[in-house]
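Overview (structure and organization)
Below, each chain spelled out in residue letters.
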Amino acid sequence: MRSQFCVLSPCIISRRDSRFLVWLGEPPSCAQAEGFAGPLCSGVPGDGQSRENIPIMNNGDMERESFFEGKNMALFEEEMDSNPMVSSLLNKLANYTNLSQGVVEHEEDEDSRRREVKSPGMGTFIGVYLPCLQNILGVILFLRFSWIVGVAGVMESFLIVSMCCTCTMLTAISMSAIATNGMVPAGGSYYMISRSLGPEFGGAVGLCFYLGTTFAGAMYILGTIEIFLTYISPGAAIVHAKSPDGEAVALLHNMRVYGTCTLVLMAMVVFVGVKYVNKLALVFLACVVLSILAIYAGVIKTAFDPPDVPVCLLGNRTLSRRSFDICAKVHATNNSTTTTTALWGLFCNNSMPSATCDEYFAQNNLTEIQGIPGVASGVLLDNLWSVYTDKGVFVEKKGLPSVPVPEESRTSRLPYVLTDIMTYFTMLVGIYFPSVTGIMAGSNRSGDLKDAQKSIPTGTILAIVTTSFIYLSCIVLFGACIEGVILRDKFGEALQGKLVIGMLAWPSPWVIVIGSFFSTCGAGLQSLTGAPRLLQAIARDGIIPFLQVFGHGKANGEPTWALLLTALICEIGILIASLDSVAPILSMFFLMCYMFVNLACAVQTLLRTPNWRPRFRYYHWTLSFLGMSLCLALMFICSWYYALFAMLIAGCIYKYIEYRGAEKEWGDGIRGLSLNAARYALLRVEHGPPHTKNWRPQVLVMLNLDSEQCVKHPRLLSFTTQLKAGKGLTIVGSVLEGTYLDKHAEAQRAEENIRSLMSAEKTKGFCQLVVSSNLRDGMSHLIQSAGLGGMKHNTVLMAWPTFWKDEDNPFSWKNFVDTVRDTTAAQQALLVAKNVDLFPQNQERFSDGNIDVWWIVHDGGLLMLLPFLLRQHKVWRKCRMRIFTVAQEDDNSIQMKKDLQTFLYHLRITAEVEVVEMVENDISAFTYEKTLVMEQRSQMLKQMQLSKTEQEREAQLIHDRNTASHSAVAAKVQAPSTPDKVQMTWTKEKLIAEKYRNKDTVSGFKDLFSLKP
């Protein structure tokens, strides 16, 4: 059935895996469409279209539609699931893969002629639930979880698991909100964080997550080798201990040798082709599932038929049964005679009954108990509480009689089960936390899902609920079925070197041993497959310059160089060789990643940006903030020094990206947060004028442009940089003559030139360019309107006009004079730089010199402040400051110099003071008059002893009278007949007369230096 479209409004027509955008008029840009209705211009994953391309419906498509007309209810035959449900499920399981999105096998290039059959998108169960389940249940469950339960006890183990699972659940809620707000391509958590918090946070946390994934690969490989050397083939050890004291060191050396070989083998498998890993994914998943089922089956069996697992105790100390079978000192033979056992020979110097034996062995009895008494035995009460010990302490059973003896000297040579490390609560948290990681497996493959908006939250949260139930139930079942001394026996020495969980499982311990071996192998391969692609995604974004080489690879996109770097970093973890030491390291990196996922969700929720429209609705910023706080707390609980080290690495990467990285505009939340913070700060600043302590020059720099829209005096920006040193407000303004409709292209080009010059001169500020009908009005508009709210300029900096004496160009000096008048009317300071092209550049350094200040008019200290600010810059740092002031013939120059030095001392400014004596005619009338007026005003207010309100009122009256005097003087100046001598309004004689009239004999020249502007 052919469809006809009447286009009245924008709409989307979905056809299988493609989208068609029909728009009336000019098609909108992707940015406009995104702001209107989500990812409108983005293609559906798998359609082969870029985000900007809009496919067009052709005639062939219409013919195919008519071909299927009336045949079935589906639009296309490929969309019909004609297979039965069971066979369809088996087909999906056969095609199951645990590899993240973006993994490409180069073998596909060899058979490019084959017709590619696109597999249907995966659902929640296959695409999210099973990969998360496989990633979460891993090496810690099989090798360390029973030991954690035995050491921490059931109660504290519940607390450890609850904290970690709550942390991952809250992170999963935040991750679901971010993942359902759009597509998450290759890179997973890095993509979510970088697009939500910006490239600096994204790069720093992305690299930390990469390091965590890499060290996770090292942990899985170490777990694989530990299972192989301890439980499968102990005789395969290459390095042998010469004494019992060296067994632990020999084990570490064997772990390093076998671990390195395994790492090389796995890296070669990943390099040759990840399709082999993909084919084994179902095997690895089956191993995990069967192992879990075997544990539960074994627990059920212990209720009515506990397994026979004898444990030998000497007194209350557990003995290692690697070198003896019979738990007795002597045993009877067929001839009714008694002979000593192998255990006797271990504790005594010979096998004779009269031999000298260890004192503890002689005074304590041997007891044999069942290591797995069963779920109905009541052993749960004995395992409720923690048993933390130091390194090298006996594993003892409470409640058994034991005769203490003096300090033994042969303890290390005797077959006791000893603790290998010191245990405490926080250390167990760090070892356990990697067993709850892996929640990102679903979000990393969103492009392969049929409905990612629904599958990611559902599958991830269900996987966390399932694994949390497994962990919490295993705590109770292990504590209820297994003796505490066996739980605390990390390597199963009391069980003749057998895996503790394996002895509990049914039908055979080998189900757990083989299952855990293959599941850890698969997890290691997956880490070596996913980590290089995460590094490649970071490198291809170009935010970290020195990582760009790792963005390249083979022709089909395989990250060869990233794989090599991953293998080298993974080798560092293998050289550590201890599973208990590697686990807290990767816990730090994963916790930091999860913390920033929660922060990203909280920031986006609080900002309420229009683009934040996740389909997952069950989130709140308080949950994200709680998850972020819990992640931070767990980091310091696990290891405070590892936490500080991980934060230091992330901080260094952040500052490096900020300093050297490429600028990316991803619409991140940090930029929105900055805008909100700026708005809040501007509203706060708007309340009133700044205090004197906070005052600094906020400069408006007036630039002149030539005919090519280039800056005429670039040294003006150099001087601005030296004056401001990156502090305060700097606005660089300029004016183009004409109308905006005609000059908008030139204005844009001029603004780009100014910005590039500001970048070259390292001037931190804003650029504001005005197009006006004439230069005079444009500069006036800039002085009036530049800035925003309380962030407005209070000082105007401009260059001295070049041809101000040129009679042919009267507008040059006239514009300058008008700008001076506008600045004065706006009550702003004016800085005019003469011969600015001779000013020093930012690269120059003065080794010596003077900054001279001629202080004639009392201006409130601005002239004192400018050289002080200049000396903060490297260019002027070694220059000295000199203050020159002017004295009349009748003034006391020595006293003036002393008073000025005192004034500078109170201002905390170091400068040389010079007093220049001049005749009265050398000083302009207005300058001398203004200084005297200000001095007289200050002295009169002091003499009258008025209140603060009355002082302000009297000061205003004096100001008004002074203004009227200025107007009279100005009228005389503008009159055609100018007198030979200027008559001052205030003279020294008048001032003396005023003093005598008020009967005050105090000489007040000192007050000149304490005046307020």
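Before reading on, note that the structure itself is shown above.
Here is a short report on the structure shown in this document.

Calculation rules
Residues numbered from 1 in each chain as written. Predicted model: local features only at pLDDT ≥ 70, side-chain atom pairs only at ≥ 80, totals over all residues. Heavy atoms only, no water. Pairing = 2+ DSSP bridges. Helix = DSSP H or I, 4+ residues; strand = E, 2+ residues; numbered from the N terminus. Salt bridge = Lys/Arg side-chain N within 4 Å of Asp/Glu carboxyl O. Buried < 20%, exposed > 50% of the residue type's maximum accessible area, 1.4 Å probe, protein only. Patch = residues over 30% accessible without salt bridge, like charges linked within 9 Å, V, L, I, M, F, W, Y side chains within 5 Å. Areas by Shrake-Rupley, 256 points an atom, 1.4 Å probe, with all protein chains shown as cover. Contact = heavy atoms within 4.5 Å. Lys, Arg positive; Asp, Glu negative; His and termini not counted. Charge placed at Lys NZ, Arg CZ, Asp CG, Glu CD.

Strand order in the open sheet made by the 3 strands is 4-3-7, with antiparallel pairing throughout. Unpaired on one side and paired on the other, strand 4 (317-318) and strand 7 (366-370) mark the two borders of the sheet. The pairing of strand 3 (residues 310-314) with strand 7 spans 5 bridges and is classified as antiparallel. By the bridge assignment for strand 7, Cys312 is matched with Glu368.

Here we take up the pattern of salt bridges. Evaluated as defined, the whole model comprises 15 salt bridges. Residue Asp580 pairs with Arg144 through a salt bridge whose shortest N-O separation is 2.8 Å. Here Asp580 is found in helix 20 (residues 579-607), whereas its partner Arg144 is found in the loop between helix 5 (139-143) and helix 6 (145-179), with 436 residues between them in sequence. On the basis of relative accessible area, Asp580 is assigned to the buried category, the value being 10%. One salt bridge connects Asp852 with Arg882, and the closest N-O pair in it is separated by 2.7 Å. Remark: Arg882 occurs in strand 14 (residues 880-887) and Asp852 occurs in strand 13 (residues 850-854); sequence separation between them is 30 residues. In this structure Asp852 comes out as partly exposed when scored by relative accessible area, which is 39%.

This part covers a nonpolar patch on the surface. Together, Met422, Tyr424, Leu632, Phe636, Trp640, Tyr641 and Leu644 make up an exposed nonpolar region whose accessible area comes to about 700 Å². If you list the elements that add at least two residues to the nonpolar patch, you get helix 21 (621-638) and helix 22 (640-660). By residue number, the principal contributor to the nonpolar patch is helix 22, which donates 3 residues. Summarising the element assignment, Leu632 is placed in helix 21. Overall, the relative accessible area of 34% leaves Leu632 in the partly exposed class.

Here we come to the side chain of Thr721. Structurally, the position occupied by Thr721 is in helix 24 (residues 715-724). Aside from chain neighbours lying at most four places away, what touches Thr721 is Glu761, Lys762, Thr763, Asn842 and His873.

Attention shifts here to a positive patch on the surface. On the surface, Lys762, Arg845, Lys874 and Arg877 cluster together into a positively charged patch. Structurally, Arg877 is set in the loop between helix 28 (862-870) and strand 14. We classify Arg877 as partly exposed; its relative accessible area is 45%.

Of all 5 residues in strand 8 (residues 699-703), 5 are buried, a share of seventy percent or more. Here strand 8 shows a buried face lined by Val699, Val701 and Leu703 and a second buried face lined by Leu700 and Met702. Bridge analysis of strand 8 against strand 9 (residues 730-737) gives 5 bridges, and the strand direction is parallel. Bridged to Leu703 within strand 9 is Ser734. Alignment of strand 8 against strand 11 (residues 795-799), held across 4 bridges, turns out to be parallel. By the bridge assignment for strand 11, Val701 is matched with Leu797.

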